[in-house]
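Here's the letter readout for the chains.
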Amino acid sequence: MQVIPYTRRKVIITMQQTSIIKTKPHYAILDGLRGVAAIIVVAFHIFEAHAANSHEQIINHGYLAVDFFFLLSGFVIGYAYDDRWPALTIGGFFKRRLARLQPMVIMGMLIGAACFYFGDSAMWPMIHTVPVWKMLLIMLIGFTLIPIPISWDIRGWQEMHPLNGPAWSLFFEYIANILYAIGVRKLSKTALGIFVFIAAAALIQYAVTCKSGDLIGGWSINEEQLRIGFTRLIYPFFAGLLLSRLVKPGNIKKAFLLCSILLGVILFMPRIGGNDRVWMNGLFEAGSIIIIFPLIVYIGASGTVAGKFESKVCKFLGDISYPIYITHYAFIYLYTGWVSNQHPVNIGRAMLYGSMTFIASISIAYLSLKYYDEPVRAWLKKKWK
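Thresholds, definitions, all that
Along each chain, the written sequence defines residue order, and numbers are assigned to residues from 1. Local features are withheld for residues below a pLDDT of 70 in this predicted model, meaning they are given only at 70 or higher, and side-chain atom pairs are given and counted only at 80 or more; totals for whole chains, interfaces and linings count all residues. Hydrogens and water are ignored here; the side-chain numbers use all heavy atoms of the structure. Here, patches come from residues exposed beyond 30% relative accessible area and free of salt bridges, joined within 9 Å for like charges and within 5 Å for nonpolar side chains (Val, Leu, Ile, Met, Phe, Trp, Tyr). All accessible-area figures derive from a Shrake-Rupley calculation using a 1.4 Å probe, and residue coverage is judged against the displayed protein chains alone. Basic side-chain nitrogens of Lys or Arg form a salt bridge, by our definition, when they fall within 4 Å of a carboxyl oxygen of Asp or Glu. To qualify as a helix, a DSSP run of H or I must reach at least 4 residues; to qualify as a strand, a run of E must reach at least 2; elements of each kind are numbered from the N terminus. Whether two aromatic rings pair depends on their centres lying within 6.5 Å, for rings of Phe, Tyr and Trp, where Trp uses its six-membered ring; planes under 30 degrees apart make the pair stacked, over 60 edge-to-face, and the rest tilted. Relative accessibility under 20% of the residue-type maximum defines a buried residue, over 50% an exposed one, and the middle range a partly exposed one, all with a 1.4 Å probe and only protein chains included. As a rule, the C-alpha atoms of each element are fitted with a line to give its axis, helices using only the stretch in contact, and angles between N-to-C directions run from 0 to 180 degrees. An angle counts as roughly parallel when it lies under 35 degrees, as roughly antiparallel when it exceeds 145, as roughly perpendicular when it falls between 65 and 115, and as oblique in every other case. Take the far helix as the reference: if the near one is turned anticlockwise from it by less than a right angle, the crossing is left-handed, and if turned clockwise, right-handed. Whether two residues are in contact is decided by their heavy atoms: any pair within 4.5 Å suffices. In this classification, the charged set is Asp, Glu, Lys and Arg, the nonpolar set is Ala, Val, Leu, Ile, Met, Phe, Trp, Tyr, Cys and Pro, and all remaining amino acids, among them Gly, are polar. Side-chain atoms alone can form a polar contact between residues adjacent in sequence; in general such a contact is a pair of N or O atoms within 3.5 Å, and within protein one must be able to donate a hydrogen while the other accepts it. Multiply 1.5 Å by the residue count of a helix minus one, and that product is the helix's expected span. Throughout, the protein atoms alone are placed on a 1 Å grid, and a set of points is a cavity if a 1.4 Å probe fits but cannot get out or a pocket if it is open with protein on both sides within 12 Å along at least five of seven lines; lining residues have an atom within 4 Å of a point. Grid points are joined across faces, edges and corners, and a volume is the space filled by probe spheres set on the points. Confidence scores per residue from the predictor, reported as pLDDT, run from 0 to 100. Throughout, nonpolar core names a set of buried Ala, Val, Leu, Ile, Met, Phe, Trp, Tyr and Cys residues whose side chains join them through atoms within 4.5 Å.

### Here we look at a nonpolar patch on the surface
Part 1: The grouping of Ile 90, Ile 178, Leu 179 and Ile 182 at the surface amounts to a nonpolar patch, some 310 Å² of accessible area in total.
Part 2: With respect to the helices, strands and loops of the structure, Leu 179 is situated in helix H6 (residues 167-182).

Below, the structure is given as structure tokens:
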């Protein structure tokens, strides 16, 4: 009987673990749902330009897609990395996450910078007064996702990333990844469950007691907005992580269609309760995040794609989901600025320009994916192998 030295055994085990990691399949339906949510976000932001307040929005709860993204991210992180740590360092984990997220963060800032001065309008009348050096400085800071203080704002919406507003959620995504890597991953299911329960209670408390009756916010560096951001992050991300450890996927037919309908119902749901009972809308949003979104993820994880066409659809939607989300808002700024200059808005032109904005957002995202993101990620993967 051949005795294998310990060091060699360790290498063999590590290679076996790496092989298992590499062949671990994706949840194709969850990829597709991420794309469905991203496309709804683009439409939500286009319609938002015409809404005088949150009660008039066509896709009224489209902003909850961010909370769905957080939950999906927690689930996927747990599924992909929980069993890797015997062969994975914290540094290796962060390299993988940087390679996955950071290239498109940079692209989003570049597109935002290129479009910035074209957004000069009634909505943002001071854009033309911003010197180029300051805009470029904000862009360079944006590459790092380090948030800027309100006093540095160059647009007028007090965003932590005024060249690419949605980057605020990536800032919180990185915080969740850091918390996971340095400690939360070590929690037992029971301890993680208690943590998630407390986070759910905090989410409900804020949602039903806040003045606005909704969870909109998280994009500014002040006490109120940071509280919203962390409230929206902590429950869904770590609930997704817990779900990845507890779930035993079943065998649900037509899961992609069912999940897409459920997700659409939540995001398209009109405002609930009116101005007199804003707590009702807050309760709806908290319930959607705490109960319905995990249910959607469970159903999605329990299904299989039905045929080649659905497989291709899910893959395409999954591939473009992140590029769409992180690059589309530069065009939303332009469209919103155009709308603010119209008195009144011509419906025909609005439909034309809104459609062009929608198509441009998806087209630029796809081109960025194929000619920038995928090549850069492949290069980083080879360099950091």
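### Observations concerning the packing of aromatic side chains
Part 1: This structure, assessed with the given rule, holds 24 aromatic pairs.
Part 2: Here Phe 93 and Tyr 180 contribute two aromatic rings whose centre-to-centre distance is 5.6 Å and whose plane-to-plane angle is 50 degrees, an arrangement assigned as tilted. Of the two residues, Phe 93 is situated in helix H4 (residues 90-115) and Tyr 180 in helix H6; the sequence distance between them amounts to 87 residues.
Part 3: You can call Tyr 180 buried: its relative accessible area is 0%.

### Observations concerning the packing of helix H2 (residues 28-48) against helix H13 (residues 347-383)
Part 1: For the pair H2 and H13, the least separation of the axes is 10 Å and the interaxial angle reads 150 degrees. The orientation of H2 relative to H13 falls into the category roughly antiparallel. Helix-helix and strand crossings are classified by hand; for H2 and H13 the assignment is right-handed. Where H2 abuts H13, its residues Ile 39, Val 42, Ala 43 and Ile 46 lie against Gly 354, Thr 357, Phe 358 and Ser 361.
Part 2: For the contact of H2 with H13, the class distribution of residues is five nonpolar, three polar and no charged.

### Overview of the side chain of Ser 361
Part 1: Note on placement: Ser 361 falls in helix H13.
Part 2: Judged by its relative accessible area of 0%, Ser 361 falls in the buried class.
Part 3: Engagement of the side chain of Ser 361 in a polar contact is seen with the backbone oxygen of Thr 357, the distance being 2.7 Å.
Part 4: In contact with Ser 361, not counting residues within four places along its chain, are Val 42, His 328 and Phe 331.

### A short note on helix H3 (residues 65-81)
Part 1: Here H3 contains 17 residues, and its C-alpha end-to-end distance of 24 Å stays within 8% of the 24 Å for a straight helix at 1.5 Å per residue.
Part 2: Burial within H3 is extensive, with 15 of its 17 residues counted as buried.

### Quick look at the layout of surface pockets
Part 1: Volume-wise, the largest pocket comes out at about 2100 Å³.
Part 2: Along the walls of the largest pocket sit 50 residues, with His 26, Tyr 81, Arg 97, Arg 100 and Arg 377 positioned nearest its centre.
Part 3: Every element with two or more residues in the lining of the largest pocket is listed here: helix H1 (6-23), H2, H3, H4, H6, helix H11 (307-327) and H13.
Part 4: Looking at the lining of the largest pocket element by element, the count peaks at ten residues for H3.
Part 5: Classifying every residue of the lining of the largest pocket by side-chain character gives 27 nonpolar, seven polar and 16 charged.

### Digging into empty space enclosed by the protein
Regions of empty space are outlined by a rolling probe, equal in size to a water molecule, passed over the atoms.
Part 1: Applying the stated criterion to the full structure yields one cavity of 30 Å³ or more.
Part 2: Counted as a void, the largest cavity has a volume near 30 Å³.
Part 3: Lining the largest cavity, in full, are Gly 112, Cys 115, Phe 116, Gly 119, Arg 155, Ala 330, Tyr 333 and Leu 334.
Part 4: For the lining of the largest cavity, a count of residues per class yields five nonpolar, two polar and one charged.

### Focus: the packing of H2 against H3
Part 1: In the contact formed by H2 and H3, the axes pass within 10 Å of each other and the chain directions differ by 160 degrees. Taken together, H2 and H3 sit at an angle that is classed as roughly antiparallel. In this structure, the crossing between H2 and H3 has a hand that is left-handed. Residues Leu 30, Leu 33, Arg 34, Ala 37, Ala 38 and Val 41 of H2 form the contact with H3, whose own contacting residues are Ala 65, Phe 68, Phe 69, Leu 72 and Phe 75.
Part 2: A class-by-class count of the residues in the contact of H2 with H3 yields ten nonpolar, no polar and one charged.

### Describing the confidence of the model for the chain
Part 1: With 94% of its residues at a pLDDT of 70 or more, the chain has an overall mean of 93.
Part 2: Counting contacts from residues 1-21, a segment whose pLDDT is below 50, to residues more than four positions away or on other chains yields seven contacts.

### Observations regarding the nonpolar core
Part 1: Of all hydrophobic cores here, the largest spans 118 residues; its most connected members are Phe 68, Leu 163, Tyr 235 and Phe 293.
Part 2: No other element matches the twelve residues that H2 contributes to this core.

### Thoughts on the pattern of salt bridges
For side chains bearing opposite charge, pairing can occur when the charged atoms are close.
Part 1: Within this structure, the stated rule accounts for eight salt bridges.
Part 2: Across the pair Asp 214 and Arg 271 runs a salt bridge, and its minimum N-O distance is 2.9 Å. With a gap of 57 residues between them, Asp 214 in the loop between helix H7 (189-209) and helix H8 (223-246) and Arg 271 in the loop between helix H9 (255-268) and helix H10 (278-302) connect regions that are remote in the sequence. One exposure class covers both Asp 214 and Arg 271, and it is buried.

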